[in-house]
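Commentary on secondary and tertiary structure
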Amino acid sequence: MSFQDKLTAIMQKPGQDPNAKDDAPWYLKYGGRIVGTFGGFISILVGAIGCLGIILFSVWSFLSGICMMLIGFLVIVVEAPCCCMFIEFVQKISNIADSRPYWNRAALYCGLPIIPLVMNLTITTFFACALIFCTGLIYGVMAIGKKGGDLADGGGLPTSYVSSPTGEQMPQQGDHHTTLMEDPDVWRPT
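Here the structure is a predicted model, which is why all the values come from computation and not from measurement.

If the charged atoms of two oppositely charged side chains come close together, the side chains can form a pair. Tallied over the full model, the rule gives 4 salt bridges. Note that Glu-79 is salt-bridged to Arg-105, the shortest N-O span being 3.3 Å. Here Arg-105 lies in helix H5 (residues 102–111) and Glu-79 lies in helix H3 (residues 59–79), a separation of 26 residues in the sequence. A relative accessible area of 3% places Glu-79 in the buried class. Salt-bridge contacts for Asp-98 lead to Arg-105; the nearest nitrogen and oxygen are separated by 2.2 Å.

Attention now moves to helix H7 (residues 123–144). For H7, built from 22 residues, the straight-helix expectation of 32 Å at 1.5 Å per residue is met to within 8% by its first-to-last C-alpha distance of 31 Å. Among the residues making up H7, those that are buried are Thr-125, Ala-128, Cys-129, Leu-131, Ile-132, Thr-135, Gly-136, Ile-138, Tyr-139 and Met-142. In the core, the buried residues of H7 are packed alongside helix H2 (26–51), H3, H5 and helix H6 (114–119).

Before going further, it helps to spend a moment on the packing of aromatic side chains. Tallying each qualifying case throughout the model produces 4 aromatic pairs. Measuring from ring centre to ring centre gives 6.4 Å for Trp-26 and Tyr-30, while their planes differ by 55°; the resulting arrangement is tilted. In this pair, Trp-26 and Tyr-30 both sit in helix H2, 4 residues apart, roughly one turn of the helix. Taking the relative accessible area as the measure of exposure, Trp-26 reaches 34% and is therefore partly exposed. According to the relative accessible area criterion, Tyr-30 is buried, its value standing at 14%. Taken together, the ring pairs in this structure connect Trp-26, Tyr-27 and Tyr-30 into an aromatic cluster.

Conventions adopted
- Residues numbered from 1 in each chain as written.
- Predicted model: local features only at pLDDT ≥ 70, side-chain atom pairs only at ≥ 80, totals over all residues.
- Heavy atoms only, no water.
- Salt bridge = Lys/Arg side-chain N within 4 Å of Asp/Glu carboxyl O.
- Helix = DSSP H or I, 4+ residues; strand = E, 2+ residues; numbered from the N terminus.
- Buried < 20%, exposed > 50% of the residue type's maximum accessible area, 1.4 Å probe, protein only.
- Expected span 1.5 Å × (residues − 1).
- Contact = heavy atoms within 4.5 Å.
- Phe/Tyr/Trp six-rings, centres within 6.5 Å; stacked < 30°, edge-to-face > 60°.

Take it as geometry only, folks, not as evidence of what the structure does.
Below you can see the structure in the form of structure tokens.
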């Protein structure tokens, strides 16, 4: 049994299909879960410390701490439901999140950490929110996929937008992978 098989067996949920239906690399899947889980725990810890700011009559620090604790709990519920297995609704929320596309998680994880940063910008708040934001970036890369989307030619524009420098629509001729060396009119001596 290889290291990847052992890691897959450890990180697999009960009843999960061992053959994944998406084409995201395994290191991004597990990297996103590990960074998200670690970021969730750090966010809860920093949020609890931030809540102590109420002693110094800092309401924004207190609100930021509560917000960070809620965001950290949400990230742990979605990324590592095994950490909250004694709460009934956790598995249901995790299954709903797993059925959604990756860009939903990316948008959620990149948008939510901005709220505590606006409330109270400290180095600890920034670090905890940056971990959750990095998780969102990992899911964003997974959402983009291997080749950067499903464009027609993979070169940036669909083939219907190919035109000449004068603005005329150019007819499609042959394979778009033809190079100058394969074109006999270019290398034939005149």
